[in-house]
Amino acid sequence: MDMATAAYAWFGVLEAKTAGRSIPLGVAQDAEGNITEDPSKVLDGGAIRVFDGSHKGSNLALMVELLAGPLVGAAVADKLEAKNWGNLVLAVDPELLGDRDAIRARTQAVLDRVKAAPTLPGVDEILLPGERGARVAAQRLTSGMIPVEPNLYRGLKLAASKAASSNGAAAAANGAANGAARPAAPRYKLSTLLLHPEPGSVTDPYGASGPPLYQTATFAQPGATEFGPYDYTRSGNPTRTMLEEQWAALEGADRAFAFTSGMAAIAVVTRLVAAGGHIVAGDDIYGGTSRLLANVVPACGVDVTNVDMTDLSAVRSAMIPGRTKLVIVESPTNPRMQVCDIRAIVSAAHAAGALVVVDNSFMTPLFQRPLDLGADISMTSGTKYIGGHGDTTLGMLATRDPELGKRVYFLQNSEGAGLAPMDCWLALRGLKTMALRLERAAANAAKMADWLAAHPLVTRINYAGLQGTPGAELHRAQASSGGAVLSFTTGDVEVSKAIVEETKLFKVTVSFGNVVSLISLPCYMSHASIPAEVRAARGLPDDLVRIACGIEDVDDLISDLGQAMEKAARLAKPAAAGTGNGSGNGGGNGVSDAAAEREAALLARIAALEARLDAQGAGR
Ligand SMILES: *Cc1c(COP(=O)(O)O)cnc(C)c1O
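Keep in mind that what you see is a predicted model, and the values were worked out from it rather than measured.

**Side note on the overall build of the chain**
Scanning the chain for helices and strands turns up 20 helices and 14 strands. Across the 620 residues that make up the chain, the buried fraction comes to 41%. In the chain, once contacts between residues fewer than 6 apart in sequence are set aside, the share between residues at least 24 apart is 67%. Accessible surface, the chain as shown: approximately 32,000 Å² in total, 57% of it carbon and sulfur.

**Concerning the pattern of salt bridges**
Using the criterion set out here, one finds 13 salt bridges in the structure. Note that Glu-125 is salt-bridged to Arg-135, the shortest N-O span being 2.8 Å. Residue Glu-125 is found in the loop between α4 (100-115) and α5 (131-143), and its partner Arg-135 is found in helix α5; the two are separated by 10 residues along the sequence. Glu-125 gets classed as partly exposed once you look at its relative accessible area, which sits at 38%. One salt bridge connects Asp-303 with Arg-323, and the closest N-O pair in it is separated by 2.6 Å. Of the two residues, Asp-303 sits in strand β5 (residues 303-307) while Arg-323 sits in the loop between α11 (312-318) and β6 (324-330), which places them 20 residues apart along the sequence. The exposure class of Asp-303 is partly exposed, given its relative accessible area of 38%. A network of salt bridges, in which partner residues are shared, links Lys-115, Glu-125, Glu-131 and Arg-135.

**Details of the pairing of strand β9 (residues 395-399)**
Within β9, 5 of the 5 residues are buried, which leaves it mostly tucked inside the rest of the structure. Side chains of β9 alternate between two faces, with Gly-395, Leu-397 and Thr-399 and Met-396 and Ala-398 buried alike. In this sheet, β9 lies alongside strand β3 (residues 255-259) in antiparallel orientation, the contact comprising 5 bridges. Bridging from a neighbouring strand, Arg-255 pairs with Thr-399 of β9.

**Let's talk about the packing of aromatic side chains**
In this description, a pair of aromatic rings is defined by centroid distance and the angle of the planes. According to the stated counting rule, one finds 3 aromatic pairs in the structure shown. Ring centres of Phe-219 and Tyr-230 lie 5.6 Å apart, and the angle between their planes is 35°; this geometry places the pair in the tilted category. A residue pair is termed long-range when its members are at least 10 positions apart, and Phe-219 in the loop between α7 (190-193) and α8 (238-251) and Tyr-230 in the loop between α7 and α8 qualify at 11 residues. Between Tyr-385 and Phe-512 the ring centres are 5.6 Å apart and the planes differ by 55°, which places this aromatic pair in the tilted class. In this pair, Tyr-385 is assigned in the loop between β8 (377-381) and β9 and Phe-512 in the loop between β12 (507-508) and β13 (518-520), connecting sequence segments 127 residues apart. As far as burial versus exposure is concerned, Tyr-385 and Phe-512 are alike and both buried.

**A look at the environment of Ala-479**
Within the secondary structure layout, Ala-479 lies in the loop between α16 (472-478) and β11 (485-489). We classify Ala-479 as buried; its relative accessible area is 9%. Note: C-alpha distance between Ala-479 and Leu-366 (113 residues apart in sequence) is 9.0 Å. Beyond its immediate stretch of four places on either side in the chain, Ala-479 contacts Met-363, Phe-367 and Gln-368.

**Quick word on the sheet that holds β3**
Spatial strand order, β3-β9-β8-β7-β6-β4-β5: 7 strands in an open sheet with mixed pairing. In this open sheet, the two edge strands, each paired with only one partner strand, are β3 and β5. Here the strands of the sheet are splayed against their neighbours by 20° on average, with no regard to which way each runs. Sheet strands in contact with helix α9 (residues 262-270) are β3, β4 (278-282), β6, β7 (355-359), β8 and β9, and its direction is about 40° off that of β9. Contacting β3, β7, β8 and β9, helix α14 (residues 402-415) crosses the sheet at an angle of about 20° to β3.

**So, the layout of surface pockets**
Of the voids in this model, the largest pocket is the one considered here, and its volume is about 1,500 Å³. Along the walls of the largest pocket sit 46 residues, with Pro-197, Glu-198, Pro-199, Glu-245 and Ala-249 positioned nearest its centre. Where the lining of the largest pocket is concerned, the elements lending two or more residues are α6 (150-178), α7, α8 and α15 (421-453). In terms of residue count, α6 provides more of the lining of the largest pocket than any other element does, 9 residues in total. Residues belonging to the lining of the largest pocket are distributed by class as follows: 24 nonpolar, 10 polar and 12 charged. Computed from the structure, the second largest pocket encloses a volume of approximately 640 Å³. Around the second largest pocket sit 21 residues that line it, and Pro-147, Val-148, Thr-203, Pro-229 and Tyr-230 are the ones nearest its centre.

Procedures and definitions
Residues numbered from 1 in each chain as written. Predicted model: local features only at pLDDT ≥ 70, side-chain atom pairs only at ≥ 80, totals over all residues. Heavy atoms only, no water. Helix = DSSP H or I, 4+ residues; strand = E, 2+ residues; numbered from the N terminus. Buried < 20%, exposed > 50% of the residue type's maximum accessible area, 1.4 Å probe, protein only. Contact = heavy atoms within 4.5 Å. Areas by Shrake-Rupley, 256 points an atom, 1.4 Å probe, with all protein chains shown as cover. Salt bridge = Lys/Arg side-chain N within 4 Å of Asp/Glu carboxyl O. Pairing = 2+ DSSP bridges. Phe/Tyr/Trp six-rings, centres within 6.5 Å; stacked < 30°, edge-to-face > 60°. Axes fitted to C-alpha atoms, helices over the stretch in contact; angles between N-to-C directions. 1 Å grid on protein atoms, 1.4 Å probe; cavity = no way out; pocket = protein on both sides within 12 Å on 5 of 7 lines; lining within 4 Å. Points joined across faces, edges and corners; volume = space filled by probe spheres on them. Nonpolar A, V, L, I, M, F, W, Y, C, P; charged D, E, K, R; others polar.

And the structure:
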């Protein structure tokens, strides 16, 4: 091989000068480092540049290819063949060529000359090949940490878990033979993992007790053509990565994703269905989800069928073969607390080739783990129990299948719905107390449900954790707690309204998951966006009261609710009597028999309640 390592031959420059010609643009520079076509300026302290990215130097590449390919038996045609690599080591003993020290000194002189060469403006230092890498290595040895790009980290984790599970399977097979223990379960329980997350891809060299908040939109890159692990916060931010990795561990997921709200998360899931596709969803679902499915999704060419998810045959017959791509499940449903058989719905959906997303906002993975029950995606409105204080909106998705995870990430980045760094930080703080808050609130709800079930003003109570209520047994088979939300009816909107307004400790607010107890009439608040006739058809009565228990002392909560119900009962009487007179006077005005019947039933209940209150009063 005979070649120059320059973009243009030295002799070519001399020749051009002699002939009074210019040299090609881009191959050489003047003494100031400016690109020039003038050969005299190149000869006057300038320089010829290295290979120009064209065919120049291809002979060098070809030499390397021949030495490391045919010579050592590596792939020569198809590079993707099994053995597509080869190694050739050329070692030169300098002593064969002269005095070792003299050669070392002459080598050093070349390196010194390169390092001492004049630099272009803005260049601080000339680095020899390998010098940058050696410095980074030294710095990482000192700090003891190596930053890993998140996608690479996930790939490594996946490979490790696959290796672990195949080792595990081997160990289990051996174990079956010699009676040894099963492979180890996750090291810690979830409530511990909330406080001690497994080390993830984001490391903090300073050991801060709070997670680092990367309140930034952009990240500087290591070079013009080199990318660091993060470049733009819409695409990725270390504070968001910390939240997403911790959440994935809690869900037993491959990946998790944080969004600006629960609705943003659900919207991204519906995007997985292309135009012409079909979604099956429950008929007792969160108002915002209902609105999205009724008014936004159909405009994208996707049809939606709402069914009673507690009725498996209805779910099966709602599926359109070849078109149904997604089934959206809530369990327990909101606000009637109906329980759906998640495992059975998953197998029906999978048989039809549809994905299943479970809206797990009521339970969180602490109480119910949709991915373990077979769902493809677990969704949680983090506005509720993750934030926990009613001060942040956020939503999480968790996926098991890495390919599905990639599609979700693509949508998160493309649509820009990823959670902002400050909100990720608040969510990370919320996680620390999530188990404590949720367990206390659920214990309060269980006690309150028992108390309400025995209250004469209550015509029906909905709480998945209440023994003997429909669905309670199924719920116990797929969740570990009834949760902290319950609802009940009184048979009369005015009575329900009075209860809501007469409580003092309960804030009249939509939502749940706040440390403070909340009370609402869903038909007038969270579910108002569902048209009245649809609500009626779905069995969502206007007199339904929903309580989201907080973490107050449960005795205080119950006595507050008790005084409100007492007042409601007394208030209801004159109001009901007034209506009664009215209907009596205006019978000819077309008051329906049903209304009259309902009124009579209410009056009878109030009378019974008053008799009971009087009896208690007499007892005291
Ligand atoms: C609150 C809620 C949502 C929506 O979450 P946001 O964070 O308010 O957008 C979805 N599903 C359920 C069951 C919810 O309670």
